[in-house]
Structure formats: structure tokens, C-alpha cells
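# Analysis of the macromolecular model
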Amino acid sequence: MKQQLENIRLQAMQELDNATTPAALEELRVRLLGKKGELTAVLKQMGKLSAEERPIMGQAANAVRAAIEEKLEQRKTVINAAVLEQKLAQEALDVTIPGTPVNLGHQHPMNIVLQEIKDIFVGMGYQVVDGPEVELADYNFTRLNIEEGHPSRDRSDTFYFTDDDSVLLRTQTSPMQIRAMENTKPPICILAPGRVFRKDEADATHSPMFHQIEGLVVDENITMGDLKGALVTVMRRIYGQDAQMRFRPHHFPFTEPSCEMDMQCHKCHGTGEVDGHVCSTCHGEGWIELLGAGMVHPKVLEGCGIDPEKYSGFAFGMGLERMAMGRMKINDLRLIFDNDIRFLEQF
Ligand code: PHE
């Protein structure tokens, strides 16, 4: 029996040395040490031995098992290293082969302009805030001094959610004025960009969804001069120091006095004509309307718990698409929303 064990050991050592793959090693492990393995077969004969012989044989068998296990581990390390080596050699990559170009996207022209405008206002101390697109009629109209029955509240102009017309898609970012004045005490200096919605057919200058940027400044001694100064400064930063602008009187229920600000048309340079034809960008006006603005109406201040005797403020709401069209020299509003790569790639 001792001889049998010694044979198993010698044979095992040789076979393990010859094994070169992890699979071959595993097969040997099962054959030598497994339940139906050679060593187990020998141990099963122990019962036939005398009481003195049994422990001696047991020890010898354990020694053989330990020797085989040790050898198995050794071979495993060597074989795994070889397998890795081979894999690395096969997967070697040639870093000098030219790569496949990846087309990088970039920001949408309107977002580029929005970012520019935000940066300028933030530099002037404005805080950028965000608000709901689904708005209460109370904020969108009533508290902005737009009474029941006002034409802008008409169902043909506004997307309503409820039968009682109390919830709607905001038609302007001006409700953010109310939200700002409700949430903070003066001094207030905020910028609120966002989407607004009106029942408009899409054409070169209209879209049922567009973007506005609302601004509100409320403090002691704020005047129309502050309004003009702020807006002219911003427009010159965006359109260049020699950009031509004008203010026109206008009416908004929530500002008094109110005005609109125009920029000279970038296409016809104010002449209203291009190659003898009426300019299609400004419809021959020579000017493009950029925003509405004015001094916050005392009734609106009061409704938000701000004393109009002590505080005054100005507000403005600019059309982001209009701003982007002027800045990027885009002639048709629909191009901004079409997402045509041939158009977008130009920016
Ligand atoms: N909300 C107005 C509009 O959509 C613009 C505006 C904003 C006017 C703030 C005055 C003050 O036309």
C-alpha cells in the first residue's frame, strides 16, 4: 500500500508538470483528489489494515495529498501567469493607428445666447431664479393688474387647464415678479428666464412656445434712468458698443410708465429695404422689438406687501428668440426650433 501511495505521488508530480492549461489542471485535481479519485480509492482500503499500520498509512496518505495540493497551487500560479502573458500579447494595440473621429455636439444657438445674457446680468448683481410653467391665473394675470375680461386672458390666446380658468400655461414670465416679491423683501434684483406659451400659429416671428427673460429690480430710489441704464448696458455688451437702440412709449397693466425697446434691424441696418425689396426680417420697419419694460405699478407692489411710498422698481421682459436672432443673424424664428443639423452646425 505504501508503494501504491508512492506511485500515485510520483505519477501525479509528473502529470502536473506536464499540464499546461487551467482545464487540464482541474481535470487532474478531480482525478487525483476527488471523491472518486485515486487517493480516495487507496484510503478506502485502510479498513483492511491492522490497528498499528492504520495511523502510519494515514499519515503517509495525508503527506501525499499535501504534496499534490502544493504542487497544484504552484502549477496554477505558473499557468495563470502564462495565460495572462499570452492574452496580453494577443491584445497588443497599435497606438499609432489613426483613431475614428467622434463628432462632438455643442450648445444650441439659443442656449449660447441665453448663457451670454445670464452672464452679463449676473455680473451686474442679478440672481437667476426659476419658476413654474404651469401657473395660477392669479399670478399670471390678476396680481399683475390684468383684470377679468382683459383680452389677453381670452381663451383664444391662453392655454387653460381648468374649466374655471384658474390654472394655465404661463403666457409670460412676469408672474415671476410676483413670486419674487412674495418671497423676498427689497432690495430685489432677479432674472427669471423660461418658457412661455400662447395660442399663436407658427410663422417667421411667432411660435406657440417661446422664451422670455424677466428682470425685476426693487429698492429705494429706483428710477426710469436705472431701467434705461441697465438695458442699454446689456444690449451694448451683446450687440456691440455701436448698436443702435430706441425706447418707445407703450402700455402694460403692471408697469407705469411702460415702454418697449427696439434694436435696429441687423439685416437692413434700419433702412427697411434689402436689394430694393421690403426687409423680410423687420417687415420694412427698420427696427426689431426686443422687450417690454416699465416701472413696477404701485398697485402691484402694494399687492405683494411692498410699500410703494418707500420703494420703487423696474421690470422688463425680453424675448429670447428675438435676442438670439439678432445676435446670431438668424432670419426665421422657425429655424431655432426645427433642429436641422445643417442649420445648427453653423454655430
Ligand atoms: N410680460 C410682458 C410681455 O410679455 C413684457 C413685460 C415684462 C413688460 C415686464 C413690462 C415689464 O409682453
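### Here's the deal with the site of the ligand
- The environment of the ligand is made up of 14 residues, and the closest members are Q172, S174, R198, Q212 and G317.
- For the ligand, a nitrogen atom lies 2.9 Å from a polar atom in the side chain of S174.
- Here an oxygen atom of the ligand sits 3.0 Å away from a polar atom, N or O, in the side chain of R198.
- Broken down by secondary-structure element, the contributors of at least two residues to the shell around the ligand are strand 5 (209-219), strand 10 (287-296) and strand 11 (312-319).
- Per-element tally for the shell around the ligand: the top contributor is strand 11, with 3 residues.

### Examining helix 1 (residues 2-18)
- Along its 17 residues, helix 1 runs 25 Å from first to last C-alpha, staying within 8% of the 24 Å computed at 1.5 Å per residue.
- Among the residues of helix 1, those classed as buried are L5, I8, A12, M13 and L16. For helix 1, the angular spread of the buried residues around the axis is 130°, confining them to a single face. Facing away from the buried side of helix 1 by more than 90 degrees, the exposed set consists of Q3, Q14 and N18.
- Where helix 1 is buried, its residues touch helix 2 (22-33), helix 3 (38-43) and helix 4 (53-90).

### Focus on the pairing of strand 7 (residues 255-264)
- With 7 of 10 residues buried, strand 7 is to be regarded as a mostly interior element.
- Strand direction decides the pairing type here: strand 6 (residues 245-252) and strand 7, joined by 7 bridges, are antiparallel. Bridge pairing in strand 7 links F252 to T255.
- Two strands pair when backbone bridges link them, and strand 7 and strand 10 are joined in this way by 8 bridges, in the antiparallel orientation. Within strand 10, the position partnered with M263 by the bridge is I288.

### A short note on the nonpolar core
- Ranked by size, the top nonpolar core spans 41 residues in total, and within it M235, L291, F314, F316 and M323 carry the most contacts.
- Those elements that provide at least two residues to this core are helix 5 (109-123), strand 5, helix 8 (224-239), strand 7, strand 10, strand 11, helix 10 (320-328) and helix 12 (341-344).
- Here this core gets 8 residues from one element, more than from any other, and that element is helix 8.
- Contact partners of F316, with chain neighbours within four places excluded, come to F121, Y126, L191, I213, E214, G215, L231, L291, G292 and A293.
- F141, I146, L216 and L301 belong to the second-largest nonpolar core, a separate cluster that totals 23 residues.

### Some words on the sheet that holds strand 5
- With mixed pairing, the 7 strands of this open sheet are ordered in space as 1-4-5-11-10-7-6. Here the strands that pair on one side only, and so sit at the sheet edges, are strand 1 (127-128) and strand 6.
- Both strand 10 and strand 11 contribute to a ladder of 5 bridges, which runs antiparallel. Bridge pairing in strand 11 links A293 to F316.
- Each of strand 1, strand 4 (188-197), strand 5 and strand 11 is contacted by helix 5, which is oriented at about 165° to strand 4, the strand it contacts most.

Cut-off values and rules
- Residues numbered from 1 in each chain as written.
- Predicted model: local features only at pLDDT ≥ 70, side-chain atom pairs only at ≥ 80, totals over all residues.
- Heavy atoms only, no water.
- Near = heavy atom within 4 Å.
- Polar contact = N/O pair within 3.5 Å; in protein donor to acceptor, adjacent residues only side chain to side chain.
- Helix = DSSP H or I, 4+ residues; strand = E, 2+ residues; numbered from the N terminus.
- Expected span 1.5 Å × (residues − 1).
- Buried < 20%, exposed > 50% of the residue type's maximum accessible area, 1.4 Å probe, protein only.
- Arc of directions from axis to C-beta.
- Contact = heavy atoms within 4.5 Å.
- Pairing = 2+ DSSP bridges.
- Core = buried A, V, L, I, M, F, W, Y, C linked by side-chain atoms within 4.5 Å.
- Axes fitted to C-alpha atoms, helices over the stretch in contact; angles between N-to-C directions.

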